[in-house]
Amino acid sequence: MKKSLFICLLLASSIAFSQSNKSDKKNEIKQTNCVLAEDFKEPKSSKKVLRWLKKFDATTDDLKSHVAVENDVEESKVILIRISEQRGNGMYILCVDGKKMKYRRMGSVFSRLDEKLFDGN
C-alpha cells in the first residue's frame, strides 16, 4: 500500500513539474518581441495616483528614463503597453526597442521583474 501511494505521489509531482516548465518556455518566447499597431496609444496613470507619484519621482516618465538608461536605448524607443499601479506599488509591461519587458515599482524603486530586490542572505 505504501509503495503504490509513493508511486502515485511521485507520478503526480513529476507531471506538475513538467507542465510548469512548458509554460515557462512559452512565456520566454512571448517576451522576446512586441509588435504594436500604428494607432496604439500609451495608457496613462489615474490622476489620483499620479499626484502621489510625482512627490517621489516615480511617474511613468521616470520609469521610461530609468529603463532607457538601464537598457542603453533612447527614451523614445521605450513604449508603455500596459500599467497596473497603486500608490505603493505598480506593474508595467513595456516595449523596449522591440523587446517586451516587465518592470515593477515598489514605493519609488523601479526594477525588472526577474531581478531580486533584496538578497535573502
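Preceding this section is the structure that the text describes.
Presented here is a report on the structure given in the accompanying data block. Each chain has its residues counted from 1, following the order in which its sequence is written. Local features in a predicted model are, by the rule used here, given only for residues with pLDDT of at least 70; side-chain atom pairs are given and counted only at 80 or more, and totals for whole chains, interfaces and linings are based on all residues. As a rule here, side-chain values come from all non-hydrogen atoms in the structure, and water together with hydrogens is ignored.

It is worth spelling out the pattern of salt bridges at this point. Think of a salt bridge as a Lys or Arg side-chain nitrogen and an Asp or Glu carboxyl oxygen that are within 4 Å of each other. Taken as a whole and judged by the stated rule, the model has four salt bridges. When the shortest N-O distance is used, the salt bridge between Lys77 and Asp97 registers 3.9 Å. Within this pair, whereas Lys77 is found in the loop between helix H3 (60-71) and strand E1 (78-85), its partner Asp97 is found in the loop between strand E2 (89-96) and strand E3 (99-106), the two being separated by 20 residues in sequence. Residue classification places Lys77 among the partly exposed residues on the basis of a relative accessible area of 39%. For Arg105, the salt bridge identified is with Glu85, shortest N-O distance 4.0 Å. Taken as a pair, Arg105 in strand E3 and Glu85 in strand E1 lie far apart in primary sequence, 20 residues in all. Grouping residues by exposure puts Arg105 and Glu85 together as buried. Per the convention used, a helix needs a DSSP run of H or I reaching at least four residues, while a strand needs a run of E reaching at least two, with both numbered from the N terminus. Each residue's exposure class comes from its accessible area (1.4 Å probe, protein chains only) as a fraction of the maximum for that residue type: buried when under 20%, exposed when over 50%, partly exposed otherwise.

Moving on to the sheet that holds E1. One requirement defines pairing of two strands: DSSP has to find at least two bridges between them. Overall, antiparallel pairing links the four strands, which are arranged E1-E2-E3-E4 in an open sheet. Since the sheet does not close on itself, it has two edges, and those belong to E1 and strand E4 (109-112), each with one partner. Averaged over all adjacent pairs, the angle separating strand axes in this sheet is 25 degrees, with direction ignored. Across seven bridges, E1 lies against E2 in antiparallel orientation. Each bridged residue has a counterpart across the sheet, and for Glu85 the counterpart in E2 is Gly90. Every angle, taken between N-to-C directions, lies between 0 and 180 degrees, and every axis is a line fitted to C-alpha atoms, over only the stretch in contact when it is a helix.

Of the pairings in the sheet, the one linking E3 to E4 comprises four bridges and is antiparallel in character. The partner of Arg104 across the bridge, within E4, is Ser111. The antiparallel pairing of E3 with E4 creates a hairpin that spans two residues between the two strands, and Gly107 there sits at a positive phi of about 70 degrees.

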